[in-house]
Amino acid sequence: MGLLKGMLTAARFRVDGDLPTDWRERYRDGLLDQAFREPVVRTKGEETEGWVEIHNLLDTDFANHNRWLYHPWALFSLRVDKKRLPANLVRATLEKRCQAWCEERDTTSCPAAVRSELKSSLEEEWFARMLPTVQVTDVGWNVADKTVLVGSLAEGTLARVRKRFFRTFGLRLVPWSPLDILDDKAHIDALLGSSPEAWGPLSEQGDWS
Amino acid sequence: MSDDTSGTPLVPHITSEFLLWLWWYSEHREGLFRLGDPVGDVTLWIDDRLAFRRPSDSRLTAVMTGDNPSASLEARAALAGGKVLHELRIGMKRDEREFFVTLKGPSLHFQATKLPPVVEKGEEEPIHSRLYFYDELALIVGALFQYFGALRTGDEWADVVPLIQAWVAGEA
(Lines give C-alpha, C1' and ligand atoms only; values in the text may rest on other atoms or scores of the structure.)
Protein backbone atom coordinates (compact mmCIF):
# COMPACT_ATOMS: atom_id res chain seq x y z
CA MET A 1 0.00 0.00 0.00
CA GLY A 2 2.80 2.36 0.84
CA LEU A 3 1.12 4.32 3.59
CA LEU A 4 4.57 5.08 4.92
CA LYS A 5 6.53 5.08 1.67
CA GLY A 6 6.25 4.47 -2.05
CA MET A 7 3.11 4.63 -4.16
CA LEU A 8 -0.11 4.50 -2.20
CA THR A 9 -3.15 2.51 -3.29
CA ALA A 10 -6.03 2.38 -0.87
CA ALA A 11 -9.74 1.81 -0.43
CA ARG A 12 -11.50 4.24 1.86
CA PHE A 13 -14.05 3.48 4.56
CA ARG A 14 -16.02 5.40 7.12
CA VAL A 15 -16.13 4.18 10.70
CA ASP A 16 -19.67 3.60 11.86
CA GLY A 17 -19.77 4.55 15.53
CA ASP A 18 -18.16 6.86 18.04
CA LEU A 19 -14.94 6.56 19.97
CA PRO A 20 -15.28 5.64 23.64
CA THR A 21 -13.59 8.07 26.03
CA ASP A 22 -10.96 5.46 26.93
CA TRP A 23 -10.34 4.50 23.30
CA ARG A 24 -6.54 4.69 23.57
CA GLU A 25 -6.46 1.97 26.19
CA ARG A 26 -9.31 -0.06 24.70
CA TYR A 27 -7.86 -0.09 21.21
CA ARG A 28 -4.38 -0.88 22.52
CA ASP A 29 -5.86 -3.90 24.28
CA GLY A 30 -7.83 -4.82 21.17
CA LEU A 31 -4.72 -4.73 19.00
CA LEU A 32 -2.78 -6.78 21.53
CA ASP A 33 -5.62 -9.30 21.77
CA GLN A 34 -5.90 -9.62 17.99
CA ALA A 35 -2.18 -9.38 17.26
CA PHE A 36 -0.49 -11.84 14.97
CA ARG A 37 0.89 -14.89 16.75
CA GLU A 38 2.98 -17.64 15.27
CA PRO A 39 0.98 -20.88 15.54
CA VAL A 40 2.29 -23.35 18.10
CA VAL A 41 1.11 -26.36 16.14
CA ARG A 42 1.44 -26.52 12.37
CA THR A 43 -1.74 -27.82 10.83
CA LYS A 44 -2.84 -28.75 7.36
CA GLY A 45 -3.92 -25.84 5.11
CA GLU A 46 -2.81 -23.42 7.75
CA GLU A 47 -3.79 -19.78 7.56
CA THR A 48 -2.84 -17.41 10.36
CA GLU A 49 -3.73 -13.75 10.63
CA GLY A 50 -3.42 -10.87 13.06
CA TRP A 51 -2.30 -7.28 13.50
CA VAL A 52 1.34 -6.30 13.31
CA GLU A 53 3.12 -2.98 13.55
CA ILE A 54 3.19 -1.01 10.33
CA HIS A 55 6.96 -0.59 10.68
CA ASN A 56 7.86 -4.26 10.74
CA LEU A 57 5.69 -7.33 10.24
CA LEU A 58 7.59 -9.14 12.98
CA ASP A 59 6.70 -6.60 15.68
CA THR A 60 3.49 -6.52 17.73
CA ASP A 61 4.42 -4.14 20.54
CA PHE A 62 1.05 -2.38 20.65
CA ALA A 63 1.43 -1.76 24.39
CA ASN A 64 3.66 1.11 23.30
CA HIS A 65 1.33 3.74 21.82
CA ASN A 66 4.27 5.46 20.15
CA ARG A 67 4.58 2.48 17.79
CA TRP A 68 1.10 2.79 16.29
CA LEU A 69 -0.55 6.08 17.27
CA TYR A 70 0.46 9.14 15.27
CA HIS A 71 -2.33 11.44 16.24
CA PRO A 72 -4.86 11.65 14.66
CA TRP A 73 -3.83 8.47 12.82
CA ALA A 74 -3.67 4.96 14.16
CA LEU A 75 -1.46 2.85 11.90
CA PHE A 76 -1.13 -0.92 11.85
CA SER A 77 -1.09 -3.78 9.37
CA LEU A 78 -2.92 -7.04 8.94
CA ARG A 79 -0.55 -9.95 8.40
CA VAL A 80 -1.89 -13.11 6.81
CA ASP A 81 0.33 -16.17 6.52
CA LYS A 82 -0.75 -18.98 4.24
CA LYS A 83 0.72 -22.33 3.46
CA ARG A 84 -0.49 -24.15 0.40
CA LEU A 85 1.13 -27.32 -0.88
CA PRO A 86 1.45 -27.81 -4.64
CA ALA A 87 -1.39 -30.27 -5.28
CA ASN A 88 0.21 -31.94 -8.31
CA LEU A 89 3.45 -32.56 -6.42
CA VAL A 90 1.57 -33.96 -3.43
CA ARG A 91 -0.43 -36.26 -5.72
CA ALA A 92 2.64 -37.54 -7.57
CA THR A 93 4.64 -38.09 -4.37
CA LEU A 94 1.70 -39.86 -2.75
CA GLU A 95 1.51 -42.23 -5.72
CA LYS A 96 5.18 -43.08 -5.27
CA ARG A 97 4.73 -43.72 -1.56
CA CYS A 98 1.70 -45.93 -2.20
CA GLN A 99 3.72 -47.90 -4.76
CA ALA A 100 6.55 -48.31 -2.25
CA TRP A 101 4.08 -49.47 0.40
CA CYS A 102 2.69 -52.07 -2.02
CA GLU A 103 6.17 -53.30 -3.03
CA GLU A 104 7.17 -53.74 0.60
CA ARG A 105 4.13 -55.97 1.14
CA ASP A 106 4.15 -57.64 -2.24
CA THR A 107 0.66 -56.48 -3.01
CA THR A 108 -0.92 -54.55 -5.88
CA SER A 109 -3.40 -52.29 -4.11
CA CYS A 110 -3.03 -49.74 -1.37
CA PRO A 111 -6.12 -49.62 0.92
CA ALA A 112 -7.89 -46.27 1.25
CA ALA A 113 -7.10 -46.02 4.96
CA VAL A 114 -3.38 -46.50 4.31
CA ARG A 115 -3.46 -44.04 1.44
CA SER A 116 -5.12 -41.48 3.69
CA GLU A 117 -2.53 -42.06 6.41
CA LEU A 118 0.34 -41.71 3.95
CA LYS A 119 -1.18 -38.49 2.65
CA SER A 120 -1.55 -37.01 6.13
CA SER A 121 2.00 -37.95 6.98
CA LEU A 122 3.31 -36.41 3.75
CA GLU A 123 1.38 -33.18 4.28
CA GLU A 124 2.48 -32.90 7.89
CA GLU A 125 6.09 -33.45 6.87
CA TRP A 126 5.97 -30.82 4.14
CA PHE A 127 3.94 -28.22 6.04
CA ALA A 128 6.47 -28.36 8.86
CA ARG A 129 9.37 -27.46 6.60
CA MET A 130 7.79 -24.97 4.20
CA LEU A 131 7.72 -21.21 4.65
CA PRO A 132 4.36 -19.44 4.38
CA THR A 133 3.46 -16.80 1.87
CA VAL A 134 3.08 -13.59 3.85
CA GLN A 135 0.61 -10.89 2.89
CA VAL A 136 0.66 -7.58 4.74
CA THR A 137 -2.06 -4.96 4.32
CA ASP A 138 -1.59 -1.54 5.86
CA VAL A 139 -4.45 0.15 7.67
CA GLY A 140 -4.57 3.85 8.51
CA TRP A 141 -7.36 5.05 10.77
CA ASN A 142 -7.90 8.76 11.16
CA VAL A 143 -9.67 8.73 14.51
CA ALA A 144 -10.53 12.42 14.26
CA ASP A 145 -12.53 12.31 11.04
CA LYS A 146 -13.52 8.63 11.31
CA THR A 147 -12.06 7.52 7.99
CA VAL A 148 -9.99 4.42 7.40
CA LEU A 149 -7.62 3.64 4.54
CA VAL A 150 -6.98 0.01 3.68
CA GLY A 151 -4.04 -0.62 1.42
CA SER A 152 -5.68 -2.88 -1.10
CA LEU A 153 -8.47 -2.83 -3.65
CA ALA A 154 -8.96 -6.63 -3.60
CA GLU A 155 -12.44 -7.52 -2.38
CA GLY A 156 -11.27 -10.56 -0.40
CA THR A 157 -8.59 -8.61 1.41
CA LEU A 158 -10.96 -5.75 2.21
CA ALA A 159 -13.55 -8.17 3.59
CA ARG A 160 -10.91 -9.78 5.78
CA VAL A 161 -9.73 -6.43 7.16
CA ARG A 162 -13.30 -5.26 7.84
CA LYS A 163 -14.06 -8.46 9.72
CA ARG A 164 -10.98 -8.26 11.92
CA PHE A 165 -11.44 -4.53 12.47
CA PHE A 166 -14.93 -5.21 13.83
CA ARG A 167 -13.65 -8.06 15.97
CA THR A 168 -10.89 -5.84 17.37
CA PHE A 169 -12.59 -2.49 17.88
CA GLY A 170 -16.30 -3.34 17.79
CA LEU A 171 -16.80 -0.83 14.99
CA ARG A 172 -18.00 -1.45 11.46
CA LEU A 173 -16.23 -0.15 8.39
CA VAL A 174 -18.67 1.27 5.87
CA PRO A 175 -17.52 1.64 2.25
CA TRP A 176 -16.85 5.26 1.49
CA SER A 177 -18.80 6.96 -1.27
CA PRO A 178 -17.76 10.14 -3.09
CA LEU A 179 -21.18 11.49 -2.12
CA ASP A 180 -19.95 11.48 1.48
CA ILE A 181 -17.85 14.51 0.56
CA LEU A 182 -20.91 16.60 -0.18
CA ASP A 183 -22.37 18.72 2.60
CA ASP A 184 -25.62 19.62 0.90
CA LYS A 185 -28.31 16.95 1.26
CA ALA A 186 -30.18 18.45 -1.69
CA HIS A 187 -27.13 17.92 -3.92
CA ILE A 188 -26.81 14.32 -2.78
CA ASP A 189 -30.46 13.60 -3.49
CA ALA A 190 -30.24 15.31 -6.87
CA LEU A 191 -27.18 13.26 -7.86
CA LEU A 192 -28.77 10.03 -6.67
CA GLY A 193 -31.80 10.78 -8.80
CA SER A 194 -29.89 11.97 -11.86
CA SER A 195 -29.71 10.26 -15.22
CA PRO A 196 -26.48 9.65 -17.14
CA GLU A 197 -25.63 12.14 -19.85
CA ALA A 198 -25.10 11.00 -23.44
CA TRP A 199 -21.73 12.26 -24.67
CA GLY A 200 -21.86 10.81 -28.15
CA PRO A 201 -24.32 9.33 -30.63
CA LEU A 202 -23.48 5.81 -29.44
CA SER A 203 -23.80 6.46 -25.71
CA GLU A 204 -25.74 3.81 -23.87
CA GLN A 205 -28.60 4.90 -21.67
CA GLY A 206 -29.16 1.53 -20.00
CA ASP A 207 -28.23 0.32 -16.55
CA TRP A 208 -24.81 1.12 -15.18
CA SER A 209 -22.81 -1.44 -13.31
CA MET B 1 -19.89 -9.95 10.43
CA SER B 2 -23.12 -9.05 8.74
CA ASP B 3 -22.81 -6.13 6.40
CA ASP B 4 -25.88 -4.27 7.60
CA THR B 5 -24.31 -0.83 7.12
CA SER B 6 -23.86 -0.40 3.41
CA GLY B 7 -23.31 3.36 3.58
CA THR B 8 -24.06 6.04 1.05
CA PRO B 9 -24.76 4.54 -2.39
CA LEU B 10 -22.26 4.73 -5.20
CA VAL B 11 -23.44 6.46 -8.35
CA PRO B 12 -21.21 5.12 -11.15
CA HIS B 13 -22.38 7.52 -13.85
CA ILE B 14 -21.71 10.53 -11.64
CA THR B 15 -18.11 9.58 -10.89
CA SER B 16 -17.53 8.79 -14.56
CA GLU B 17 -18.95 12.19 -15.51
CA PHE B 18 -16.76 13.77 -12.85
CA LEU B 19 -13.65 12.26 -14.44
CA LEU B 20 -14.75 13.41 -17.88
CA TRP B 21 -15.46 16.90 -16.56
CA LEU B 22 -11.96 17.04 -14.99
CA TRP B 23 -10.48 16.11 -18.36
CA TRP B 24 -12.58 18.59 -20.32
CA TYR B 25 -12.20 21.44 -17.81
CA SER B 26 -8.44 20.97 -17.53
CA GLU B 27 -8.11 21.39 -21.30
CA HIS B 28 -10.35 24.43 -21.47
CA ARG B 29 -9.11 26.39 -18.47
CA GLU B 30 -5.43 25.65 -18.91
CA GLY B 31 -5.75 23.34 -15.97
CA LEU B 32 -6.54 26.03 -13.45
CA PHE B 33 -9.23 25.18 -10.92
CA ARG B 34 -10.21 27.98 -8.57
CA LEU B 35 -11.66 26.05 -5.67
CA GLY B 36 -11.96 28.76 -3.04
CA ASP B 37 -11.31 28.26 0.65
CA PRO B 38 -9.77 26.20 2.07
CA VAL B 39 -8.07 24.74 -1.01
CA GLY B 40 -7.54 27.78 -3.22
CA ASP B 41 -6.08 27.43 -6.71
CA VAL B 42 -4.96 24.09 -8.08
CA THR B 43 -3.42 23.31 -11.45
CA LEU B 44 -4.51 19.96 -12.81
CA TRP B 45 -3.49 17.98 -15.86
CA ILE B 46 -4.26 14.57 -17.27
CA ASP B 47 -1.25 12.35 -16.80
CA ASP B 48 -0.41 9.05 -18.45
CA ARG B 49 -3.42 6.78 -18.09
CA LEU B 50 -7.06 6.72 -19.11
CA ALA B 51 -9.20 3.59 -18.92
CA PHE B 52 -12.66 3.15 -20.42
CA ARG B 53 -15.46 0.65 -20.09
CA ARG B 54 -19.00 0.12 -21.29
CA PRO B 55 -21.55 1.49 -18.81
CA SER B 56 -23.17 -1.90 -18.35
CA ASP B 57 -19.92 -3.80 -17.91
CA SER B 58 -17.35 -3.26 -15.17
CA ARG B 59 -14.52 -4.73 -17.28
CA LEU B 60 -12.19 -2.30 -19.00
CA THR B 61 -12.50 -2.19 -22.78
CA ALA B 62 -9.84 0.38 -23.65
CA VAL B 63 -6.76 1.55 -21.79
CA MET B 64 -4.57 4.36 -23.03
CA THR B 65 -1.17 4.97 -21.50
CA GLY B 66 2.06 6.71 -22.35
CA ASP B 67 2.78 10.31 -23.23
CA ASN B 68 -0.25 12.55 -23.28
CA PRO B 69 -2.88 9.88 -24.00
CA SER B 70 -5.70 12.36 -23.41
CA ALA B 71 -4.72 14.17 -26.62
CA SER B 72 -5.02 11.03 -28.74
CA LEU B 73 -7.81 10.56 -31.26
CA GLU B 74 -8.51 7.16 -29.74
CA ALA B 75 -9.41 8.70 -26.40
CA ARG B 76 -12.13 10.95 -27.84
CA ALA B 77 -13.23 8.16 -30.16
CA ALA B 78 -13.78 5.91 -27.15
CA LEU B 79 -16.13 8.50 -25.67
CA ALA B 80 -17.91 9.10 -28.97
CA GLY B 81 -18.31 5.34 -29.29
CA GLY B 82 -20.23 5.10 -26.06
CA LYS B 83 -17.46 4.12 -23.68
CA VAL B 84 -17.15 5.88 -20.35
CA LEU B 85 -14.21 6.76 -18.18
CA HIS B 86 -13.46 4.33 -15.38
CA GLU B 87 -9.94 5.41 -14.42
CA LEU B 88 -8.13 8.69 -14.90
CA ARG B 89 -4.61 9.49 -13.82
CA ILE B 90 -4.15 13.12 -12.97
CA GLY B 91 -1.34 15.34 -11.81
CA MET B 92 -2.04 18.30 -9.56
CA LYS B 93 -0.03 21.18 -8.26
CA ARG B 94 -1.00 23.24 -5.23
CA ASP B 95 1.52 25.89 -4.29
CA GLU B 96 4.80 24.08 -4.91
CA ARG B 97 3.56 20.60 -4.07
CA GLU B 98 2.82 18.05 -6.79
CA PHE B 99 0.52 15.08 -6.46
CA PHE B 100 -0.18 12.25 -8.90
CA VAL B 101 -3.07 9.86 -8.48
CA THR B 102 -5.22 7.50 -10.50
CA LEU B 103 -8.87 8.02 -9.59
CA LYS B 104 -10.54 4.68 -10.03
CA GLY B 105 -14.11 3.53 -10.43
CA PRO B 106 -17.35 4.54 -8.74
CA SER B 107 -15.60 4.82 -5.35
CA LEU B 108 -12.88 7.09 -6.74
CA HIS B 109 -10.27 4.94 -5.07
CA PHE B 110 -6.80 6.43 -4.96
CA GLN B 111 -4.44 4.18 -6.88
CA ALA B 112 -0.68 4.49 -7.40
CA THR B 113 -0.71 7.76 -5.52
CA LYS B 114 2.52 9.71 -5.62
CA LEU B 115 2.75 12.24 -2.82
CA PRO B 116 5.26 15.10 -2.55
CA PRO B 117 8.64 13.99 -1.23
CA VAL B 118 9.09 14.05 2.52
CA VAL B 119 12.16 16.01 3.53
CA GLU B 120 11.97 15.58 7.31
CA LYS B 121 14.34 13.15 8.99
CA GLY B 122 13.83 10.98 12.03
CA GLU B 123 11.17 8.43 12.90
CA GLU B 124 7.96 10.35 13.55
CA GLU B 125 8.19 13.52 11.48
CA PRO B 126 8.31 11.78 8.07
CA ILE B 127 5.19 9.81 9.02
CA HIS B 128 3.29 12.95 10.01
CA SER B 129 4.41 14.72 6.83
CA ARG B 130 3.32 11.88 4.61
CA LEU B 131 -0.07 11.61 6.29
CA TYR B 132 -0.44 15.36 6.03
CA PHE B 133 0.18 15.13 2.27
CA TYR B 134 -2.40 12.37 1.98
CA ASP B 135 -4.91 14.55 3.83
CA GLU B 136 -4.07 17.42 1.50
CA LEU B 137 -4.67 15.24 -1.55
CA ALA B 138 -8.00 14.05 -0.15
CA LEU B 139 -8.94 17.66 0.55
CA ILE B 140 -8.16 18.73 -3.03
CA VAL B 141 -10.03 15.82 -4.64
CA GLY B 142 -12.91 16.43 -2.24
CA ALA B 143 -13.06 20.09 -3.23
CA LEU B 144 -13.00 19.18 -6.92
CA PHE B 145 -15.88 16.77 -6.40
CA GLN B 146 -17.84 19.33 -4.39
CA TYR B 147 -17.32 21.86 -7.18
CA PHE B 148 -18.54 19.32 -9.71
CA GLY B 149 -21.46 18.26 -7.51
CA ALA B 150 -22.71 21.84 -7.27
CA LEU B 151 -22.29 22.30 -11.03
CA ARG B 152 -23.94 18.98 -11.91
CA THR B 153 -27.03 19.77 -9.83
CA GLY B 154 -27.26 23.42 -10.85
CA ASP B 155 -28.76 25.26 -13.80
CA GLU B 156 -25.37 25.85 -15.39
CA TRP B 157 -24.97 22.15 -16.12
CA ALA B 158 -27.41 22.41 -19.03
CA ASP B 159 -24.96 24.84 -20.68
CA VAL B 160 -21.93 22.66 -19.98
CA VAL B 161 -23.30 19.44 -21.50
CA PRO B 162 -23.40 20.67 -25.13
CA LEU B 163 -19.89 22.08 -24.76
CA ILE B 164 -18.54 18.71 -23.66
CA GLN B 165 -20.51 16.93 -26.37
CA ALA B 166 -18.99 19.23 -29.00
CA TRP B 167 -15.53 18.63 -27.56
CA VAL B 168 -16.08 14.86 -27.66
CA ALA B 169 -17.17 15.17 -31.30
CA GLY B 170 -14.02 17.16 -32.08
CA GLU B 171 -15.92 20.32 -32.84
CA ALA B 172 -14.44 22.41 -30.05
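Just so it is clear, the model here is predicted, and its values are computed rather than measured.

Turning to a nonpolar patch on the surface, a few remarks are in order. Residues and elements named next belong to chain A. Residues Leu57, Leu58, Val134 and Val136 make up a contiguous nonpolar surface patch of roughly 320 Å² in combined accessible area. Inspection of the secondary structure puts Val136 in strand β5 (residues 133-142). On the basis of relative accessible area, Val136 is assigned to the partly exposed category, the value being 32%.

When cut into domains, chain A gives domain 1 (11-83 + 132-192) and domain 2 (87-128). Taken over C-alpha atoms, the centre of domain 1 of chain A sits 43 Å from the centre of domain 2 of chain A.

A few words now on unusual backbone geometry. That bond from His71(A) to Pro72(A) is cis: its omega, 5°, falls within 30 degrees of zero. Looking along the chain, the bond that leaves Asp37(B) and enters Pro38(B) is cis, with omega of 5°. Note that Pro38(B) resides in the loop between β1 (32-34) and β2 (41-53). Its identity as a non-glycine residue notwithstanding, Asp95(B) has a phi of 55°, on the positive side. Along the chain, the position of Asp95(B) falls in the loop between β4 (84-94) and β5 (97-104).

Calculation criteria
- Residues numbered from 1 in each chain as written.
- Chains lettered and ligands numbered in written order.
- Predicted model: local features only at pLDDT ≥ 70, side-chain atom pairs only at ≥ 80, totals over all residues.
- Heavy atoms only, no water.
- Patch = residues over 30% accessible without salt bridge, like charges linked within 9 Å, V, L, I, M, F, W, Y side chains within 5 Å.
- Areas by Shrake-Rupley, 256 points an atom, 1.4 Å probe, with all protein chains shown as cover.
- Salt bridge = Lys/Arg side-chain N within 4 Å of Asp/Glu carboxyl O.
- Helix = DSSP H or I, 4+ residues; strand = E, 2+ residues; numbered from the N terminus.
- Buried < 20%, exposed > 50% of the residue type's maximum accessible area, 1.4 Å probe, protein only.
- Domains from an automatic or database assignment.

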